[in-house]
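Coordinates in review
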Amino acid sequence: MFTRNALIAVSMVTAMVVAVAAIVVRRQAPPPQASYQATVLQGWTCIRTDLAGSRCQQTAEDPADCLPGFDRKLADAQDQSAAVKALANRGTYLLHNGMDDAAVANFQEAVTKSVELGQIRHGMALRQLGIAQLRRAETRNCATGHLADACVYPLQGGGIHQDASPARDAVTSLDRALELIGPDGQIQWLLNVAAMAAGGYPVSVPPKWLLPITAVVPGAHFRHFANIAPSLGLIADGLVGSALMEDVDGDGWLDLVMTSSGPCDPIRLYRNTESGLVAANDPELARQTGVANLIQADFDNDGDRDIYLMRGVWESTTTADTIYHQAQHHTLLANDGRGRFSDVTRKMGLRTSINNGVAADWGDYNNDGWLDLVVCNEHREIELFRNENGKSFSNVAEAAGLRTVKRCLASLWGDIDNDGWLDLFLAGFSGPNRLYLNRGDGTFVEQTPATLAEHPGRAFTSWFWDVNNDGWLDLMVGDYNSSSRPSGVPFAGAKSTCDRPRVYVNDGTGNLVDQTEKYALHGACFPMGGNFGDLDNDGFQDVLIGTGAPPFEMLMPNRAFQNRTGRGFIDITYRGGFGHLQKGHGIAFGDLDLDGDQDVAASFGGWIPADRFADSLYANPGGQENWVILRLAGSKSNRDAMDSRVQLETEGPSGARSIHRRVGSGGSFGSNSLQLEIGLGDSTRISQLLVYWHGSGSISTFEGLEPNRIYAVSENKAAATEINVQPRLWTTKAPGEPSGSDHERSGHQ
């Protein structure tokens, strides 16, 4: 007899294993085994797509052609229990491949057959049916409707489903499941979400299962960010992917690059024009498919931003998957200065191994003025590519003393002791985290604090930043603890039951001290991506985290947190409009319309083939705070001025203050603009700007800067140069508006 917890665990395994079946390479069915995994994979003999380098070929029949194997398992079932299990496997496969109606019918049959198997088994069958019905509700409504507030918690306005019947069906099934199984936070949470989607919340939720919206942490007076992606026509959907904001064509305006790990999904480049973000037709980008993550840098110091592409995530290491893995090469794209790209991976010596992973970072670790690249993979050796004066790269990881981290999901450069040499953090998902200090001679020594080595135990998205604005780098490490399941509890105002991201604060000597309790990021369960920026221009860096896990039932809001003057965080998910329920990954901050505040691009979509969703672009509504934008350019230092630090001395009604920033792309999954967009709060005067140029070690002092201006700051020039530009007012049309109803939209409104 299965216990309730055992059955829930089995359902999680089923979701992961059947998802693998939808993307792995063509292979023979495994030999018959008694294991649960073999039951799921037994019928799998076909493939949907095959990624070969940067080319994508369609090589498969319709997913329905793979169903006979599942049908045979059902026909061979010796008893009712085996039949219900076979139906569950078949239904999961159908759901994962977008055949929602067939999946619901399949699970309904499982519910009927499970009646005689006891209360728990019947309740679990109803749970699976409710999840399938809720997924069908999403597919028929928010996944295809492209409305700004679709799938944003709490569901209201355009988030209420027009076709409410599937959501109502889910409410009925999940309610029955709870009555049979007993209290279960996750089912209760999904029941409330389904009721919201159907427009029946709170009336249609039985009182004992009701989760009150009013208890969500309010985040007093925080501004609301509207998702303007649909109104700009940015409605392409995708799977696990990332976001990058950067001026790729050199016209002074940030462009937007979005990716998807779908094997046939190309990179999407949107150029920033007076009429909005316009999709660019770049032949090389169209060839680059299946990209999970990306990060920009001027590796050849020619004055434009090149892009490094990463592929392969959540891949297994079984022999059967070897062919698939051989195609998971990373790619380096060189920019010609006008935003047109060419693949220089082989030319630069970077295609030396299979890079299945999403962790890479640019930084000049040997201070020679050229940006180097560290790549840590899920199942391969760590690679440290030293830049040979922009002509090629050499892998010197072993000589540098770096050890592989088991299933590394983040690699970060940062000078934690302010000695002028970049140190390195590696996040281990299945092994200890490692912190390496730079000796300054091309080698590193590991000095990982015991707490950091072990916590979090499943490290994922991470970043170096200055959380308390004291001029010393701190560290945030996300905890992807899959042993806990999200429930309605954290979304009803109570503390989360999942492990929180760890925050290690620099004590001013280079030591990282665990201050997670002080900087609590409650509710940031299963962080898969994220980044930081100053959403309210108060001079302190806020956080947006993309959350989720592969199974469809792992619906949870992405989370946003406001930095309260370096003393802690408050949850502004609800007030800010960031509570998107779909799977969140890469996030990028940047001032797209150059109105002085940071907008946010967020990538959505899951790992399961059918779990596709459109990305979001959150427009900052702006406020009364002052700001300054700095575009740094190194001469002796690397051209990007990567990892250079700035210190602004300002004055205002609240008194004198120092504001510290570092040039970089931010988090490990998603890339911010490299221009420094700095909020000044109520400061009305910039008395001095100090720049500590990384690599050369020189220090520049600039005076005469004014708030609410954009400046070019060069290492070889004595004065900053003001850049005169007017903010852009984009003409957009909201979905559903008739022709001729265009209206202006800008952060100034």
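Right above here is the structure, for reference.
First, a word on scope: everything that follows refers to the structure included in this document. A quick note: this is a predicted structure, and the numbers were derived from the prediction, not measured. (Residues numbered from 1 in each chain as written. Predicted model: local features only at pLDDT ≥ 70, side-chain atom pairs only at ≥ 80, totals over all residues. Heavy atoms only, no water.)

1. Some words on the pattern of salt bridges
Scanning the entire structure with this criterion turns up 29 salt bridges. For Glu246, the salt bridge is made with Arg305, and the minimal N-O distance between the two is 2.8 Å. Of the two residues, Glu246 is situated in strand S5 (residues 243-246) and Arg305 in the loop between strand S9 (293-297) and strand S10 (306-310); the sequence distance between them amounts to 59 residues. Grouping residues by exposure puts Glu246 and Arg305 together as buried. Salt-bridge contacts for Arg305 lead to Asp640; the nearest nitrogen and oxygen are separated by 2.6 Å. Residue Arg305 is located in the loop between S9 and S10, and its partner Asp640 is located in the loop between strand S33 (626-633) and strand S34 (645-651); the two are separated by 335 residues in the primary sequence. Three or more residues are tied together by salt bridges with common partners; here these are Asp101, Arg136, Arg140 and Asp163. (Salt bridge = Lys/Arg side-chain N within 4 Å of Asp/Glu carboxyl O. Helix = DSSP H or I, 4+ residues; strand = E, 2+ residues; numbered from the N terminus. Buried < 20%, exposed > 50% of the residue type's maximum accessible area, 1.4 Å probe, protein only.)

2. So, the state of the cysteines
Tallying each qualifying case throughout the model produces 2 disulfides. A disulfide bridge connects Cys142 with Cys151, and the sulfur atoms are separated by 2.4 Å. Cys151 shares its class with Cys142; the two are buried. Two residues share a disulfide in this structure: Cys376 and Cys408, whose sulfurs sit 1.9 Å from each other. Residues Cys376 and Cys408 are joined through a disulfide that is left-handed, its torsion about the S-S bond being -60°. Taken together, the residues span a long stretch of sequence, with Cys376 in strand S14 (residues 372-376) and Cys408 in strand S17 (residues 408-414) at a distance of 32 residues. By relative accessible area, which is 2% here, Cys376 ends up buried. (Disulfide = S-S within 2.5 Å.)

3. Thoughts on the packing of helix H4 (residues 80-96) against helix H5 (residues 100-114)
Following both chains from N to C, one finds H4 and H5 inclined at 165°, their axes separated by 8 Å at the closest point. Relative to H5, the element H4 is oriented roughly antiparallel. Crossing angle aside, the handedness with which H4 passes H5 is left-handed. On H5, the residues that touch Gln80, Ala83, Val84, Leu87, Ala88, Arg90, Gly91, Thr92, Leu94 and Leu95 of H4 are Asp100, Ala102, Ala103, Asn106, Phe107, Glu109, Ala110, Lys113 and Ser114. For the contact of H4 with H5, the class distribution of residues is 10 nonpolar, 5 polar and 4 charged. (Axes fitted to C-alpha atoms, helices over the stretch in contact; angles between N-to-C directions. Parallel < 35°, antiparallel > 145°, perpendicular 65-115°, else oblique. Left-handed = near helix turned anticlockwise from the far one by under 90°. Contact = heavy atoms within 4.5 Å. Nonpolar A, V, L, I, M, F, W, Y, C, P; charged D, E, K, R; others polar.)

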